[in-house]
Amino acid sequence: RLYSRAFVVEEPSSGTRVVFVSVDAGMMGQLVKKYTMERLEVMFPGIYNEKNVVLSSTHTHSGPAGFMQYVLFNVPNLGFLHQTLDAMVDGIVESIRRAHEAVAPGDIYLSSTVVEEANINRSPTSYEANPEAERTKYSSNTDK
């Protein structure tokens, strides 16, 4: 089973909202965002727009294909599948609706740290081909 999880954050003094959606998909596409925005404008006129809705994907390799508007992305799955696009938009919109209706007071905290030995560079040889001026900017060949 694949999920869409939406998180709505509201600034209490202004009522301005932002929604972050994490979708179990390999990537996100412009058509998904376009159709999601059209549906949200009908459901919540004037609240959500291109500037305050973030659609992000988990990059799972177990998700559907055929929802991208570009031919190259649809070659492996033999074409565009409107049914897949519609199902993704339906799930995303439903997760946003649920989050919108469940907004409750809360706090957000931000912290920062360096996590060591949590990942590897899958191509250290390629990284080493970068100019030395670029490589000296970083303490490692992976993000930390």
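Here's what I pulled together on the structure shown here.

## A word on the overall build of the protein
Alright, step 1. Counting its secondary structure elements, the protein contains 5 helices and 3 strands.
Alright, step 2. Its helices and strands in sequence order give the protein the pattern β-β-α-β-α-α-α-α, from N to C terminus.
Alright, step 3. The C-alpha atoms of the protein give a radius of gyration of 19 Å, which is well past the 15 Å a tight globule of 144 residues would have.
Alright, step 4. Dimensions along the principal axes, computed over C-alpha positions, put the protein at roughly 50 × 45 × 30 Å.
Alright, step 5. In the protein, which comprises 144 residues, the share counted as buried stands at 28%.
Alright, step 6. Summarising the internal contacts of the protein: among those between residues at least 6 apart in sequence, 61% fall at separations of at least 24.
Alright, step 7. Carbon and sulfur atoms make up 55% of the accessible area of the protein, which totals about 10,300 Å².
Alright, step 8. Positive and negative side-chain charges in the protein, numbering 13 and 17 respectively, have mean positions lying 4 Å apart.

## Quick word on helix H3 (residues 82-101)
Alright, step 1. Helix length check: H3, at 20 residues, gives a terminal C-alpha distance of 28 Å against a target of 28 Å (1.5 Å per residue), a fit within 8%.
Alright, step 2. Within H3, burial applies to Thr84, Leu85, Met88, Val89, Ile92, Val93, Ser95, Ile96, Ala99 and His100. Projected down its long axis, H3 carries its buried residues within an arc of 160°, all on one side. Facing away from the buried side of H3 by over 90 degrees, the exposed positions are Gln83, Arg98 and Glu101.

## Side note on the sheet that holds strand E2 (residues 17-23)
Alright, step 1. With mixed pairing, the 3 strands of this open sheet are ordered in space as E1-E2-E3. If you trace the sheet from one side to the other, it starts and ends with strand E1 (4-10) and strand E3 (53-57), each paired once. Put simply, the sheet's adjacent strands are angled 15° from each other on average, direction ignored.
Alright, step 2. Where E2 meets E3, 5 bridges bridge the pair, whose relative direction is parallel. Note that in E3 the partner of Val23 across the bridge is Ser57.

## Considering the pattern of salt bridges
Alright, step 1. Per the counting criterion, the structure on display carries 10 salt bridges.
Alright, step 2. A salt bridge links Glu94 to Arg97; the shortest N-O distance between them is 2.5 Å. Taken together, the residues Glu94 and Arg97, both in helix H3 and 3 residues apart, mark about one turn of the helix.
Alright, step 3. Judged by its relative accessible area of 29%, Glu94 falls in the partly exposed class.
Alright, step 4. Note that Arg98 and Glu94 form a salt bridge whose closest N and O atoms lie 3.0 Å from each other.

Rules used in this analysis
- Residues numbered from 1 in each chain as written.
- Predicted model: local features only at pLDDT ≥ 70, side-chain atom pairs only at ≥ 80, totals over all residues.
- Heavy atoms only, no water.
- Helix = DSSP H or I, 4+ residues; strand = E, 2+ residues; numbered from the N terminus.
- Rg over C-alpha atoms; globule rule 2.2 N^0.38 Å.
- Buried < 20%, exposed > 50% of the residue type's maximum accessible area, 1.4 Å probe, protein only.
- Contact = heavy atoms within 4.5 Å.
- Areas by Shrake-Rupley, 256 points an atom, 1.4 Å probe, with all protein chains shown as cover.
- Lys, Arg positive; Asp, Glu negative; His and termini not counted.
- Charge placed at Lys NZ, Arg CZ, Asp CG, Glu CD.
- Expected span 1.5 Å × (residues − 1).
- Arc of directions from axis to C-beta.
- Pairing = 2+ DSSP bridges.
- Axes fitted to C-alpha atoms, helices over the stretch in contact; angles between N-to-C directions.
- Salt bridge = Lys/Arg side-chain N within 4 Å of Asp/Glu carboxyl O.

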